[in-house]
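A structural walkthrough
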Amino acid sequence: MFGEKGLELIRDLQRSLEASLPPYNEDGVRQVLEEMKALFEQNQKDVSSTVAGESGLFAGIQLRHAALERNKRCLLAYFYNRLIQIRQMRWEFGSVLPADIKYNLNDQEIQWFNKYNKSLANYMRSIGTEGLDLTQDIKPPKALYIEVRCLVDHGEFETQDGNVVLLKKNSQHFLLRSECEQLVRQGILEHIVH
């Protein structure tokens, strides 16, 4: 049945939106494109027959054209929603994606992420005289300092005032939120909420 493969791409993406970005479905996209090519070629053949004098082929041509348009919309929705998720991950994880997420992207998506990352960095550097990190304080902070626990051995961490803190697994620290928020997002630190 026409359009089923395109719809299945959307269903798979929708099922996994709550969890994480699913692997790029290269096989599914290829199947949709092959179906679109076959529909287009059959339409070209029937249009040529209609020009040659045959009649009664218009309904089939219109049906295949509608299936082509539906497949196109499904592919565009699939690509668009994946890019929206990838853009959101830039704000959540920072400029470096975790390996398990990066593994689920295809080459074009990785290139898009890198270009978006570069554009965002250029824009943040252009704000004011020293630049402004827009990825800090995504949610308004309730306090400037927070208590954090180190989840992995990370090594030395230098604060803005020049103090060096050793981030060792299970150690707890009282740090400026703006300094450690990126480490919290990367899973190196966790915010201890009392």
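Higher on the page you've got the structure.
The next thing to look at is the overall build of the chain. Looking only at helices and strands, one finds 6 helices and 5 strands in the chain. What you see in the chain, going N to C, is helices and strands ordered as α-α-α-α-α-β-β-β-β-α-β. Relative to a compact globule of 194 residues, whose C-alpha radius of gyration would be 16 Å, the chain shows 25 Å and is clearly more extended. Viewed in the frame of its principal axes, the chain has a C-alpha envelope of about 85 × 35 × 30 Å. Every one of the 194 residues in the chain was classed for burial, and the buried ones make up 33%.

Judged by nonpolar contacts, Ile146, Val148, Cys150, Phe157, Val165, Leu167, Leu175, Cys180, Leu183, Ile188 and Leu189 together constitute the single largest core of 11 residues. Secondary structure elements with two or more residues in this core: β1 (145-150), β3 (164-167) and α6 (177-185). Sort the elements by how many residues they give to this core and β1 lands first, with 3 residues. Not counting the four nearest positions on each side in its chain, Leu189 is found in contact with Val148, Arg149, Cys150, Leu151, Leu167, Leu175, Cys180, Leu183 and Val184. In terms of nonpolar packing, the next biggest core, distinct from the first, is built from 10 residues, Val32, Leu39, Ala67 and Leu75 among them.

In contact at an axis separation of 8 Å, helix α1 (residues 4-16) and helix α2 (residues 26-51) are set at 155° when each is read in the N-to-C sense. Taken together, the axes of α1 and α2 are roughly antiparallel relative to one another. Helix-helix and strand crossings are classified by hand; for α1 and α2 the assignment is left-handed. Contact with α1, carried on its side by Lys5, Gly6 and Leu9, involves Gly28, Val29, Gln31, Val32 and Glu35 of α2 and no other residues of that element.

A few words now on unusual backbone geometry. One non-glycine residue with positive phi stands out, namely Asn170, at about 70°. Positionally, Asn170 belongs in the loop between β3 and β4 (172-176). Judged by its relative accessible area of 55%, Asn170 falls in the exposed class.

Right, let's get into the layout of surface pockets. Size it by volume and the largest pocket reaches roughly 280 Å³. Ile138, Lys139, Arg177, Glu181 and Arg185 are the residues nearest the centre of the largest pocket, which is lined by 10 residues in total. Here the lining of the largest pocket gets 4 residues from one element, more than from any other, and that element is α6.

The next thing to look at is the packing of aromatic side chains. For the structure on display, the rule yields 5 aromatic pairs. Each ring, one from Tyr24 and one from Phe79, has its centre 6.5 Å from the other, and the planes form 15°; the classification is stacked. Here Tyr24, found in the loop between α1 and α2, pairs with Phe79, found in helix α3 (residues 58-93); they are 55 residues apart in sequence, far enough to count as distant. In textbook terms, an aromatic cluster arises when at least three aromatic residues are bridged by ring pairs, as seen for Tyr24, Tyr78 and Phe79.

Attention now goes to α2. With 26 residues, α2 extends 37 Å between its outermost C-alpha atoms, agreeing within 8% with the 38 Å of an ideal straight helix rising 1.5 Å per residue. Buried residues of α2: Gly28, Val29, Val32, Glu35, Met36, Leu39, Asn43, Asp46, Ser49 and Thr50, and no others. For α2, the secondary structure elements touched by its buried residues are α1 and α3.

Looking at where Gly94 falls in the secondary structure, it is placed in the loop between α3 and α4 (99-102). For Gly94, a relative accessible area of 1% corresponds to the buried category. Placed 75 residues apart in sequence, Gly94 and Lys169 show a C-alpha to C-alpha distance of 22 Å. For Gly94, the contacting residues outside a window of four places in its chain are Met89, Phe113 and Gln182.

Turning our attention to a nonpolar patch on the surface. A surface patch of nonpolar side chains, about 280 Å² in accessible area, is lined by Tyr123, Leu132 and Leu134. Mapped onto the elements of the fold, Leu132 is located in the loop between α5 (107-126) and β1.

Definitions and cut-offs
Residues numbered from 1 in each chain as written. Predicted model: local features only at pLDDT ≥ 70, side-chain atom pairs only at ≥ 80, totals over all residues. Heavy atoms only, no water. Helix = DSSP H or I, 4+ residues; strand = E, 2+ residues; numbered from the N terminus. Rg over C-alpha atoms; globule rule 2.2 N^0.38 Å. Buried < 20%, exposed > 50% of the residue type's maximum accessible area, 1.4 Å probe, protein only. Core = buried A, V, L, I, M, F, W, Y, C linked by side-chain atoms within 4.5 Å. Contact = heavy atoms within 4.5 Å. Axes fitted to C-alpha atoms, helices over the stretch in contact; angles between N-to-C directions. Parallel < 35°, antiparallel > 145°, perpendicular 65-115°, else oblique. Left-handed = near helix turned anticlockwise from the far one by under 90°. 1 Å grid on protein atoms, 1.4 Å probe; cavity = no way out; pocket = protein on both sides within 12 Å on 5 of 7 lines; lining within 4 Å. Points joined across faces, edges and corners; volume = space filled by probe spheres on them. Phe/Tyr/Trp six-rings, centres within 6.5 Å; stacked < 30°, edge-to-face > 60°. Expected span 1.5 Å × (residues − 1). Patch = residues over 30% accessible without salt bridge, like charges linked within 9 Å, V, L, I, M, F, W, Y side chains within 5 Å. Areas by Shrake-Rupley, 256 points an atom, 1.4 Å probe, with all protein chains shown as cover. Salt bridge = Lys/Arg side-chain N within 4 Å of Asp/Glu carboxyl O.

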